[in-house]
Amino acid sequence: MEIAKTKDSELMEKIVSLCKRRGFVYPSSEIYGGFAGVYDFGPMGVELENNLKAHWWKWMVHKRQDIVGLDSCIFMNPKIWEASGHTKGFSDPLAECKNCNTRIRVDKVLEEIGVKADEKMSEEEINRLFDENKNKIKCPKCGKQNFTKARKFNLLVKSNLGDFTEAGTAPSYLRGETCQGIYVNVKNVLDSGHMKLPFGIAQIGKAFRNEIAPRQFLFRTREFEQMEMQYLTKPDQEMIEYEKLREYRFKAIVSLGLKEENLKWHKHDNLVFYAKEAYDIEYNYPWGFDEMEGVHARGTYDLTQHSKGSGQELTYQDPETNEKFIPHIIESSIGVGRLFLAVMCDAYTEDVMNEETRVYLKFKPSIAPVKVAVFPLLKNKPELVSKAKHIFEVLNEEIYPIVFDDNGNVGKRYRRQDEIGTPFCVTVDFDTIEKDDTVTVRDRDSGKQERVAVKELVNYLKSKLA
Ligand code: ATP
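Bear in mind the structure is a predicted one, so any value in this text is a computation, not a measurement.

Student: Before we move on, could you go through the sheet that holds strand β20 (residues 372–376) and cite the residues and values that matter?
Tutor: Judged by pairing direction, the sheet is mixed, and its five strands sit side by side in the order β21-β20-β22-β23-β24 without closing on themselves. Two strands lie at the open edges of the sheet, namely β21 (402–404) and β24 (449–453), each paired on one side alone. Averaged over all neighbouring strand pairs, the angle between strand axes comes to 25 degrees, with direction disregarded. Sheet topology places strand β22 (residues 424–428) next to strand β23 (residues 438–443); four bridges connect them, and they run antiparallel. Considered in β23, the bridge of Thr427 is made with Thr440. Against the sheet, helix α12 (residues 382–396) contacts β20, β21, β22 and β23, and its axis sits at roughly 160 degrees relative to β20.

Below is the structure:
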């Protein structure tokens, strides 16, 4: 019998604790007292993470004839971040609501109430104006009036790469998003692949942001991975392709096994000036619905900026009409960490089995970090152990990753496998060796066991895992 999910902070604490206990996610640099806003993925976490990335790549590159992959560098010419607006646009005076962590652009909010705030003002001047007007400023999300001080804060993470001078030269940056690497390679991909519009370029890679308030575990971190796809269209096709992309991305997310009732679309009301339309796919995290993925129609902004910044023409010539134009761009962008957390929350289940509460992760088999665990019923019976090892070797030729486990009693092993979401456990017992060469196969979700002939085992498991 399944137990209703505990809500909010309690569920979050349980997930964070399970992640550590079972080797999914560890706080970074823990033995040195930690390091805020970054996490390490453990043996189970890296498997799950790889499965999520492989799923995305399958849907966004391999299933599509009109999308190709790319792996661009983390370091790029700093002029890219000037052209994209990140060096300037990310240096806004920001304050954060102490209640719900919503960040506000203090200069903009002051302007809205008729107070002139110049972006060149110092932090002190901005804060003086902010203090004087605090009683007129409400958090746009929760309505509270309790903010941190404003800080001029650039989200880009600086580095001194290639700087060998005493005085220091202009910094280079660790990329704040992966899509800029796509935009600056559009010309290369067009020239080398003879792609015709519409077509897309997809990339998975690390991004870095100096987030003021990293929070909610993997949801907002300073180092994270993005899976982004930029799709280039003719001007009049942008919104048609946009609708198709929205539908496709939703389908892809659902195919991971996430429950549809935990997903919803959120339409942006306040668009940046160049955007045509922007929607997010939100997931129902323990604190409520929040952005997991963005699907945005961006017009010609990105390629126009890089065309101006680099002095290179980033146009496309239609092979049929010979018309030249800057392609319009629609994008989908999702953080691996936010998807990982959504998948963990969705899979986390408690039920009562044999009069005991148990916790298990109800992953779809295709994303489970371990597919099958093989046990000898008793650890101190060499004939059971050697048979189980033999079965493990045979299975491991065909199905992976799988594990061999003979620690503790079988009940404990089941519990351990349940907590990492292993769909099937195979146990070798005395009937296997003395009677009929069958093993028990236990199903994670129902706890039911079936006897299966050893010679049928590979096919049986493969069909169940498919
Ligand atoms: P938010 O409004 O939550 O800060 P954003 O709108 O700035 O996010 P984008 O710049 O559009 O996010 O980035 C695209 C995606 O990258 C997001 O939908 C999210 O999945 C992921 N992402 C962005 N920032 C972070 C972060 N600090 N930690 C983890 N994932 C992130």
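Student: Can you explain the packing of aromatic side chains? Please cite residues and give values.
Tutor: Evaluation of the coordinates by the stated rule reveals 18 aromatic pairs. Here Phe273 and Tyr301 contribute two aromatic rings whose centre-to-centre distance is 5.8 Å and whose plane-to-plane angle is 90 degrees, an arrangement assigned as edge-to-face. Of this pair, Phe273 sits in the loop between β12 (263–267) and β13 (277–285) while Tyr301 sits in helix α10 (residues 301–310); the two residues are 28 residues apart in sequence, bridging distant segments of the chain. Connected via pairs of aromatic rings, a cluster forms that spans Phe219, Tyr283, Tyr285 and Trp287. The ring of Trp265 carries Arg246 above its face, with NZ or CZ at 4.5 Å from the centroid.

Student: Quick one: what's the story with the pattern of salt bridges, residue by residue and with numbers?
Tutor: This structure, assessed with the given rule, holds 32 salt bridges. One salt bridge in this structure joins Lys14 and Glu10, with 3.7 Å as the shortest N-O distance. One end of the pair is Lys14 and the other is Glu10, both in helix α1 (residues 8–21) and four residues apart, which spans about a single turn. Using a relative accessible area of 25% as the deciding quantity, one classes Lys14 as partly exposed.

Student: Tell me what's going on with unusual backbone geometry, and back it up with residues and numbers.
Tutor: A cis geometry characterises the amide bond from Leu197 onward to Pro198, with omega recorded as 0 degrees. Within the secondary structure, Pro198 sits in the loop between α8 (186–193) and β10 (199–208). A cis geometry characterises the amide bond from Tyr400 onward to Pro401, with omega recorded as -5 degrees. Within the fold, Pro401 resides in the loop between α12 and β21.

Student: Would you mind going over the site of the ligand in detail, with residue names and values included?
Tutor: Around the ligand lies a shell of 17 residues, among which Glu211, Arg220, Glu291, Met292 and Gly335 are the nearest. Within the side chain of Arg220, one N or O atom sits 2.7 Å away from an oxygen atom of the ligand. Between the ligand and the protein, one listed contact pairs an oxygen atom with a backbone N or O atom of Gly335 at 2.8 Å. Look at the ligand: alone it shows 600 Å² of surface, and the protein chains cover 82% of it. Taken together, the elements giving at least two residues each to the shell around the ligand come down to β11 (223–233), β14 (288–299) and β17 (328–335). A per-element tally of the shell around the ligand places β14 first, with four residues. The residue makeup of the shell around the ligand, split by class, is five nonpolar, five polar and seven charged.

So, how was this worked out
- Residues numbered from 1 in each chain as written.
- Predicted model: local features only at pLDDT ≥ 70, side-chain atom pairs only at ≥ 80, totals over all residues.
- Heavy atoms only, no water.
- Pairing = 2+ DSSP bridges.
- Helix = DSSP H or I, 4+ residues; strand = E, 2+ residues; numbered from the N terminus.
- Axes fitted to C-alpha atoms, helices over the stretch in contact; angles between N-to-C directions.
- Contact = heavy atoms within 4.5 Å.
- Phe/Tyr/Trp six-rings, centres within 6.5 Å; stacked < 30°, edge-to-face > 60°.
- Lys NZ or Arg CZ within 6 Å of the ring centre and 35° of its normal.
- Salt bridge = Lys/Arg side-chain N within 4 Å of Asp/Glu carboxyl O.
- Buried < 20%, exposed > 50% of the residue type's maximum accessible area, 1.4 Å probe, protein only.
- Near = heavy atom within 4 Å.
- Polar contact = N/O pair within 3.5 Å; in protein donor to acceptor, adjacent residues only side chain to side chain.
- Areas by Shrake-Rupley, 256 points an atom, 1.4 Å probe, with all protein chains shown as cover.
- Nonpolar A, V, L, I, M, F, W, Y, C, P; charged D, E, K, R; others polar.

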